[in-house]
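Understanding the architecture of this molecule
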Amino acid sequence: CAFSPTPLQVDGLFIIGWMYLPPHDPHVDDPMRFKPLFRIHLMERKSATVECMYGHKGPHNGHIQIVKKDEFSTKCNQTDHHRMSGGRQEEFRTWLREEWGRTLEDIFHEHMQELILMKFIYTSQYDNCLTYRRIYLPPSSPDDLIKPGLFKGTYGSHGLEIVMLSFHGKKAKGTKITGDPNIPAGQQTVEIDLAHPLQLPDIENLHDFSELSRIVLEVQEQVRREEQEQEHRQEEEDPSQPAEKPLGGGGAEGEDTAAGAEGSIQDKAPASQPFVLPMGVISRNEDYPRTCRICYYGTGLIAGHGFTSPERTPGVFVLFDDDRFGFIWLELKSFSLYSRIKVAFQNAEAPSREAFDEMLKNIQSLAT
């Protein structure tokens, strides 16, 4: 959760850092929640005092340090203010009520209880010292499928997480801004191949998971063959140069052709088509849209606890409307629903495409 959005707000003689949190699982369309993390009291003669706002005992003494450009850290000097009289058990139950909107007795699934406890341990170990790094909102283009930005998404028993959707030529990327014990913040959770739209089966056959799986795996094999052919062509042209994969989606490469291809795809696509999840696909939110605009082949990142054995697996990107999309994780038989965050973040635009791409590389390297 190191990259959780924390806007700074000037309020009179105070600068306040707010933590923006997703709504309670699985209500992705609900507004964001927020709470104060720290407060800087501006004094006369260029002096200031820093207060930690974390915990339930009110403001207490803290410290702030500028690490380098676009990065600073805060430290709590009175961590006893974060503790509760009932010990870790009371802290866990309070966290569960505030962050999940439920009690431990509401959660019957043993595996879900385990994941939630892991997330509590994972987040609470950072409550005394936090590092903040600038996050730019993704730049937009008239050729983008939808407006890029921040989205709330369902991640099974991990709850709701924040994902940044950005467009890169033939690819769209979903980068985790908040993470979990399996996939940390900064990692690319989904990648959408805009050069390979999917034609879903009719609504009657869409109930059949094996039919959807067949269609996706055929496209996966097609993508694999195209990548191999491109590598062979490049090796024949210049054997001394390492082959580059044509569908990597980085920077501006292929943007002109991608925009043209994408435009023709959207022109041919119907305004909407019926949509229903196949039988056996698990969704935390059953209130997903029953029509969609277009679907694309994509891959999703999965891993074990502690980001062990990460691998990209095939899936389906489903565009519902300008503010909602979904992703079917084929191997997990799971569905994630994403809804746009409509908070207006001030002064968050990237100064250039290059600056935004560099930021994405930086936060991924930190997570790795």
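Residues numbered from 1 in each chain as written. Predicted model: local features only at pLDDT ≥ 70, side-chain atom pairs only at ≥ 80, totals over all residues. Heavy atoms only, no water.

**So, the overall build of the protein chain**
The helix and strand inventory of the protein chain stands at 6 helices and 18 strands. Out of the 368 residues in the protein chain, the part that is buried amounts to 46%. Put simply, 56% of the contacts in the protein chain that link residues at least 6 apart link residues at least 24 apart. Total accessible area computed for the protein chain in this model is approximately 18900 Å², and 51% of it derives from carbon and sulfur atoms. (Helix = DSSP H or I, 4+ residues; strand = E, 2+ residues; numbered from the N terminus. Buried < 20%, exposed > 50% of the residue type's maximum accessible area, 1.4 Å probe, protein only. Contact = heavy atoms within 4.5 Å. Areas by Shrake-Rupley, 256 points an atom, 1.4 Å probe, with all protein chains shown as cover.)

**Concerning the packing of aromatic side chains**
In this structure the tally under the stated criterion is 21 aromatic pairs. Relative to Tyr338, the ring of Tyr155 has its centre 6.0 Å away and its plane inclined at 80°; by these criteria the two rings are edge-to-face. Taken as a pair, Tyr155 in the loop between β8 (149-154) and β9 (160-168) and Tyr338 in strand β18 (residues 334-340) lie far apart in primary sequence, 183 residues in all. Comparing Tyr155 with Tyr338, the two get one shared label, buried. Ring centres of Phe327 and Trp329 lie 5.1 Å apart, and the angle between their planes is 75°; on these two criteria the pair is classed as edge-to-face. Taken together, the ring pairs connect Phe151, Tyr155, Tyr296, Phe317, Phe325, Phe327, Trp329 and Tyr338 into an aromatic cluster. Over the ring of Phe14 we find Arg39; its NZ or CZ atom is 4.6 Å from the centre of that ring. (Phe/Tyr/Trp six-rings, centres within 6.5 Å; stacked < 30°, edge-to-face > 60°. Lys NZ or Arg CZ within 6 Å of the ring centre and 35° of its normal.)

**A short note on the pairing of strand β2 (residues 14-21)**
Note on strand geometry: in a regular strand, side chains alternate between the two faces of the sheet. For β2, a buried count of 6 out of 8 residues is recorded, marking the element as mostly surrounded by other parts of the structure. Pairing of β2 with strand β3 (residues 33-42), which is carried by 8 bridges, proceeds in the antiparallel orientation. From the neighbouring strand, Gly17 faces β3, where its bridge partner is Phe38. (Pairing = 2+ DSSP bridges.)

**Concerning unusual backbone geometry**
Here the amide bond leading from Asp25 into Pro26 is cis, since omega sits at 0°, within 30 degrees of zero. Looking at the secondary structure, you find Pro26 in the loop between β2 and β3. Positive phi values are uncommon outside glycine, yet Lys333 reaches one of about 50°. The residue Lys333 is located in the loop between β17 (324-329) and β18 in this model. On the basis of relative accessibility, which here comes to 37%, the residue Lys333 falls in the partly exposed class.

**Quick notes on helix α1 (residues 87-100)**
Taking 1.5 Å per residue as the helical rise, α1 with its 14 residues ought to reach 20 Å, and the 20 Å between its terminal C-alpha atoms agrees with that figure. Taken as a whole, α1 has its buried residues at Glu91, Phe92, Thr94, Trp95, Leu96, Glu99 and Trp100. On its buried face, α1 sits against β2, β3 and α2 (110-124). Gly101 sits one or two positions beyond α1 and adopts a positive phi of about 70°. (Expected span 1.5 Å × (residues − 1).)

**Examining the side chain of Thr299**
Looking at the secondary structure, you find Thr299 in strand β15 (residues 294-304). Here Thr299 falls in the buried class, since its relative accessible area comes to 14%. For Thr299, the side chain forms a polar contact with the side chain of Arg312, separated by 3.0 Å. What Thr299 contacts, discounting residues up to four positions off in sequence, is Thr189, Val190, Glu191, Arg312, Thr313, Pro314, Gly315 and Phe327. (Polar contact = N/O pair within 3.5 Å; in protein donor to acceptor, adjacent residues only side chain to side chain.)

**Details of the pattern of salt bridges**
Under the criterion given, the structure shown has 23 salt bridges. Linking Lys171 and Asp193 is a salt bridge whose minimum nitrogen-to-oxygen distance equals 3.7 Å. Placement of the pair is Lys171 in strand β10 (residues 171-176) and Asp193 in strand β11 (residues 188-198), with a sequence separation of 22 residues. The pair Lys171 / Asp193 is uniform in exposure class, with both members buried. (Salt bridge = Lys/Arg side-chain N within 4 Å of Asp/Glu carboxyl O.)

**Thoughts on the nonpolar core**
One finds Leu198, Phe275, Val316, Ile328 and Phe335 to be the most contacted residues of the largest nonpolar core, which totals 26 residues. Contributing elements (two or more residues each) for this core: α4 (209-237), β15, β16 (308-321) and β18. With 6 residues, α4 is the single largest residue contributor to this core. By size, the runner-up hydrophobic cluster in this structure holds 20 residues, among which are Phe151, Leu194, Phe317 and Leu319. (Core = buried A, V, L, I, M, F, W, Y, C linked by side-chain atoms within 4.5 Å.)

**What to know about α4**
Compared with the 42 Å implied by 1.5 Å per residue over 29 residues, the 42 Å span of α4 between its first and last C-alpha is a close match. On the buried face of α4, the contacting elements are β11, β15, β16 and β17.

**Let's talk about the environment of Lys152**
Relative to the helices and strands, Lys152 resides in strand β8. Considering only alpha carbons, one finds Lys152 and Pro23, 129 residues apart in sequence, at a separation of 8.3 Å. Residues within four places of Lys152 in sequence aside, it is in contact with Pro23, Val28, Asp29, Asp30, Met32, Glu161, Leu337, Tyr338, Ser339, Arg340 and Ile341. Looking at Lys152, its side chain comes within polar contact range of the main-chain oxygen of Val28, at 2.9 Å.

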